[in-house]
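Commentary on secondary and tertiary structure
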Amino acid sequence: MASRVFFLSCLRAVGSYRSLSPRPRYPSMPKYPKGAKASVAADGGGDDSGATPQEEEEQEKKVALFSVLGMTCGACAGSVEKAIKRLPGIHDAAVDVLNARVQVIFYPAFVSEDTIRETIDDAGFEAALIKEEVKEKPTLICRLHIKGMTCTSCSSTIESALQAVAGVRKALVALATEEAEICYDPKLVSATQLTEVVKDTGFESILITTGEDTNRVELRVDEEVDGRSMSMVKNSLQALPGVEDVNIDPALHKVTVSYKSDQTGPRNFIEIIESTGSGRLRASLYPEGGGRELHKHKEIKQYYRSFLWSLVFTIPVFLTSMVFMYIPGIKHGLDKKVVNMLSIGELLRWILSTPVQFIIGRRFYTGAYKALRHGSANMDVLVALGTNAAYFYSFYSVLRAATSQNFKGTDFFETSSMLISFILLGKYLEILAKGKTSEAIAKLMDLAPEIATLLTYDNEGNVINEKEIDSRLIQKNDVIKVMPGGKVASDGFVIWGQSYVNESMITGESRPVGKRKGDTVIGGTVNENGVLHVQATHVGSESALSQIVRLVESAQMAKAPVQKFADRISKYFVPLVIVLAFFTWLAWFLAGKFSSYPKSWIPSSMDSFELALQFGISVMVIACPCALGLATPTAVMVGTGVGASQGVLIKGGQALESAHKVDCIVFDKTGTLTTGKPVVVSTRLLKHMLLRDFYEYVAAAEVNSEHPLAKAIVRYAKKFREEEENHVWPEAQDFISVTGHGVKATVGNKEIIVGNKSLMLDSGIRVPVAALEILAEAEEMAQTGIMVSLDGEVVGIITVSDPLKPNAQDVISLLKSMEVKSIMVTGDNWGTANAIAKEVGIDTVVAEAKPEQKAQKIKELQTSGLTVAMVGDGINDSPALVSADVGMAIGAGTDIAIEAADIVLMKSNLEDVITAIDLSRKTFSRIHMNYIWALGYNIMGIPIAAGVLFPSSRFRLPPWIAGAAMAASSVSVVCCSLLLKNYRRPKKLDTLQIREILVE
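Please read these numbers as outputs of a predicted model, since none were measured by experiment.

1. Describing unusual backbone geometry
At S595, a residue that is not glycine, the phi angle is positive and equals roughly 55 degrees. Residue placement: S595 occurs in the loop between α19 (563-593) and α20 (608-622). Although it is not a glycine, D734 adopts a positive phi angle of roughly 55 degrees. Summarising the element assignment, D734 is placed in strand β27 (residues 732-738). The class for D734 is exposed, based on a relative accessible area of 61%.

2. Describing the layout of surface pockets
Size it by volume and the second largest pocket reaches roughly 920 Å³. Lining the second largest pocket are 34 residues; nearest its centre among them are S321, M325, R349, T410 and S605. Listing elements by their share of the lining of the second largest pocket, those giving two or more residues are α10 (292-323), α11 (328-334), α12 (344-360), α15 (413-437), α20 and α35 (959-978). Broken down by class, the residue content of the lining of the second largest pocket amounts to 13 nonpolar, 10 polar and 11 charged.

3. With respect to a nonpolar patch on the surface
Judged by side-chain polarity, M322, V323, I327 and I330 come together as a nonpolar surface patch covering roughly 260 Å² of accessible area. Looking at the secondary structure, you find I327 in the loop between α10 and α11. Owing to a relative accessible area of 34%, I327 belongs among the partly exposed residues under this scheme.

4. Regarding the pattern of salt bridges
Two side chains that carry opposite charge are able to pair once their charged atoms sit near each other. In this structure the tally under the stated criterion is 20 salt bridges. A salt bridge links E466 to K481; the shortest N-O distance between them is 3.0 Å. In this pair, E466 sits in strand β16 (residues 463-470) while K481 sits in strand β17 (residues 479-482), placing the two residues 15 residues apart along the sequence. You can call E466 partly exposed: its relative accessible area is 45%. Taken together, the shared-partner salt bridges connect E81, K85 and D92 into one network.

5. Some remarks on the UniProt feature "transmembrane region" (unreviewed entry) in the protein
Mapped onto this numbering, the UniProt entry gives "transmembrane region" (unreviewed entry) at residues 306-327, 347-365, 377-396, 416-433, 572-591, 611-631, 931-951 and 957-980. For the annotated span residues 347-365, helix accounts for 95% and strand for 0% of the residues, and the straight-line distance between the end C-alpha atoms is 24 Å. Its end C-alpha atoms 26 Å apart, residues 416-433 is made of 100% helix and 0% strand.

6. Thoughts on the sheet that holds strand β33 (residues 844-846)
Sheet architecture is open: seven strands sit in the order β24-β36-β35-β34-β25-β32-β33, paired in mixed fashion. Edge positions in the sheet fall to β24 (648-650) and β33, since each has one partner strand and no second. Each strand of the sheet is rotated relative to its neighbour by a mean of 20 degrees, with strand direction disregarded. Two strands pair when backbone bridges link them, and strand β25 (residues 664-667) and strand β34 (residues 868-872) are joined in this way by four bridges, in the parallel orientation. Note that in β34 the partner of C664 across the bridge is V868.

Quick notes on the rules
Residues numbered from 1 in each chain as written. Predicted model: local features only at pLDDT ≥ 70, side-chain atom pairs only at ≥ 80, totals over all residues. Heavy atoms only, no water. Helix = DSSP H or I, 4+ residues; strand = E, 2+ residues; numbered from the N terminus. Buried < 20%, exposed > 50% of the residue type's maximum accessible area, 1.4 Å probe, protein only. 1 Å grid on protein atoms, 1.4 Å probe; cavity = no way out; pocket = protein on both sides within 12 Å on 5 of 7 lines; lining within 4 Å. Points joined across faces, edges and corners; volume = space filled by probe spheres on them. Nonpolar A, V, L, I, M, F, W, Y, C, P; charged D, E, K, R; others polar. Patch = residues over 30% accessible without salt bridge, like charges linked within 9 Å, V, L, I, M, F, W, Y side chains within 5 Å. Areas by Shrake-Rupley, 256 points an atom, 1.4 Å probe, with all protein chains shown as cover. Salt bridge = Lys/Arg side-chain N within 4 Å of Asp/Glu carboxyl O. UniProt positions renumbered as here; feature names shortened; annotations may be inferred. Pairing = 2+ DSSP bridges. Axes fitted to C-alpha atoms, helices over the stretch in contact; angles between N-to-C directions.

This is how it looks when you write it as C-alpha cells:
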C-alpha cells in the first residue's frame, strides 16, 4: 500500500505540476490551525458550501523557502519535516535534500518565518530564509500539435525558429508524433506567441497545453451564440474563483476554460453558461477526440479523399497512354488530330492531368514554397520539381503540336499524375501506420471510465442522491460510488466500504490490493468485489493516469542521439538529390546529343532529350528523406509504448540508447535487492531487565527517526503494548540523529543510544566481547545488528533482517548470461553486505558507502570504459542515479530518486531490469535495421533510377514507378518499427515467475 502511495507522488513529481507532496507524510499532525478550517471540516463531498472559507484561507497562506545545511539523507529530511509540522499554523512542508532546501506553506497569523528558521536550527541544522511567496515557476513546458510536416527538414526548420525566440530555453519537434515540446519563460514569451511563430514558418499549429498549473476543459454550447451572449458567458465564467482564462470559438460553438481544480470545476461552468441568456443556452462537454485526434482523423480523411480523386483522373490518363494505344480501334480514335498535330489522346491527357497537378497536388506546391521561403528543402520540393518537369515538358509538347504541322513529340502527363497519385497513397498509408505507433498512449487513456456515479450527502453525512455523470465532470472532493466490477473514476481515498482493487493496468502488480477506509485508490483501476465510496483528490491533468500518459508522451518526444545522424543527412539530402538529378539529365542529354550511345537504345516513343528527362525525373522522385527521418522516432515511440505496457517507463530516446549499451549494473541493497521492509528477528539482552521495558526506551528514541530500521523496531515494540489501543511512547528529549550511525536521546532521565558499533565507540562506550560476537554472527547471516546502550553501558542487541526479493539470485545469474557485470554498493556494514552479495551471486561489493561515494564509484567504473546502469530506490541513491549512464528507479521508491532516474520500474520487480535492457536492445536493433533499409534504398535506388543498368540490360525505372518506390520506403520503415509491438520479454523471466508462483 505505502509503495503505491509513494509511486503516485513520484509520478506527480515527474509531471512537475506540484511542488509539494500530494499528501502529508504525518497524517496525525494537523495541517490547519484550530478554527482555520472549521467550515470545511464538515464538507459534504463535492458541494460548494466551503467556498468562502477556502478563499479566505488561500489569502491568509504564505510560502517561504529556506536553505538548510547539514542534511545528508532521508532521515535528516524526516527530522526537519517533522520538526516544522509540529509548529502551529503549518499547512504543509516539503524537504528537498538534493538542493538543501525546504519549502513551507504556513499561516502568518500563527507562526512566523523566524520561528520556522529557529525550529530548523534546533533540529540540528543551519537554516536561512531565501525568499517568500514562491508561487511562479521559472519555466513552463508548452506542447503544440503541428500539421504539414513531411520530413526532418520541416521539423528542423520549426525547431530553429522556436529556438531563436527570446525566452525559449529548449525546443523539440518530433516528426513522428507531429508535436513540439517547448521549455519557455512565461515572463518573456507566451504560449500564444509560440503558436504564432510556428504559423509564421508556414505550418499550422494547435495548442495542446501551456504547461501552467491549471486544468483545461472544452465545453460545447448547443445554441447559436450572438456577440452579446458570448460576452455575458465570458464575463460570468471569468468572475468565478479559480478561473484562469476563457476562450470562445463561435464557429465551433466551443468554450475553453482554464481553471484551478481545487477551487472550481466543469459542472460549475455548465451551470453558469446555462443560467446565462435567459436560460436558453445548453452546454455540455465537447465531444472526445477533439484537438489533435480530431486533426489526425481529418488529415487521414483528406489524404484518402485526395487519393481517390486523383485516381478518378489518373486512371483514364494511364489507360489512354499505356493501354488503349495497343488496342487498334481505340488507338485510331485517340490518334485523330484536333488542331494541326495535336491528337485527341494528348488533349484528353492534358485536360485530365491538369486538376491532378494543380488542385489535388496543391499541397506539394505549398509545402515546397514554405520550405524554400525559410531556406530549406524537403520532400515536397523534390515532388514539385519532378512533377513540374514532366507536366510542363508535356504541356510544351502539346503547344508545339497544336501550332505546328509537322512536330512529333511525346507527352509525359501520365508521369506527373501517376506520380502524385502514388505519393498520396504512400502518405495515406504512412499516416495510418504512424497512428498505430502511439496506440500505447490511447490504451492508457482508455483506462478511465466514461461514466461515474456521483453521491450527494445531507448535513448528517447520509447519502440522499445518486447521479450518473460523465467522469470528466468530476471535481475535487466529490464522492464517487464504485460498484463491484466497475472502474475507479478518479484518484482519491476510500471514505466507506472495503474491497479488493486490481491495479495491474497502472502499477503492473498482478495481485488485487485490499482497500478499506482511508486507503488511496488510483483512477482507471478495477474494483473487484465490494462497494466503495471514494472521495476524489486528484482530477483531470493531476491524476496518476494523466501523469503516466504525460511521461510516456514526453519520452516519445525526446530525441535519441542516433537521430542526429539523420538530421545531419537531411540538411544536405534534398539539395544533393536535385544536383544529382540535373547532372543525370545533363549526362544522358549530352551523350545522346553527341551520339555516345546507339540510337537503338532510345525507345520508339521518345527522343534522346525525353529519355534524359525521364532519367532525371526518376532520380528526383525516387530519393526519400522521409524514411531516414522516421527511422528513429517511430521505433522509439513503439519501444517506449511497449515498455509502459510492461511496467517499464522509459524517459525517452536517450535512455533507450544508453540502456542497450549497458555492460555493468550497480545495485543498491536496501529496497532494491532486498524488499526494503526490515523486520526484527531476535533480541539479545546483556543486562537483566524486562524485554517490555527495554523496548519502551528503544521505541521512545527510534519513533523520532524516519530510517526503515527504526520503523521496524517501533513496529516490533508495539507488540508488547497490544493491550493498549493508542499507546504513547515516553517523550524523548535532546534527540539527535547521527546519519548512517543511529540516534541519541534522553528518555526518563536515562541517556539512550541506539546504533551501530561506530556510534558506540565515537560516544566513548565500551563494547563487550559478547556483543561483538553477536554482531559477527548476525552479519554472517546477512542480518544487521543494532546495539542499545543505557547510561553509557551496552544493554542489548537487536537483530534486524531485510529479506531478499524473490528471484534476486536468478536475475543476477541471467545478467551474467547477458554479459552484464553486477556490483553492489550499499551504506550497510561490510559483513551484512558481503553475506547478501554471496547469497545473490555478486562478486564485487562496496559497503559503508555514503551517497557521494556511490556516485564516485559510478564514475570510476565509467572511466574504466564500462557503460554503467544504477538501480536504486532512495534519496541517497539519487546522486548515483544521475551520475550513471542509465539510472533505474524502483517504482516504490522516493519521488526524488524517480525524478533523477532515466527508467522507472513501476512494478518494483528486479526482473524488469532485464526487461528494460532487452527491450532497449531490441528497439535499437530495429532502428539499425530501419537505417540500413532507408540508406540502402537510397544508395541502390538512385543509381538504378539514373540508368546505371540501362546500357547493359536496357532496364530503366519510369518516374511513376520511382515515385511509388519512394512512397513505399517510408511506409516500410514505419511498418518495420511497428513489429516491435510484438515484443515479448525473455522467456527465462517467465520461468522465474512460474517458479515464484509454485513456491508460494
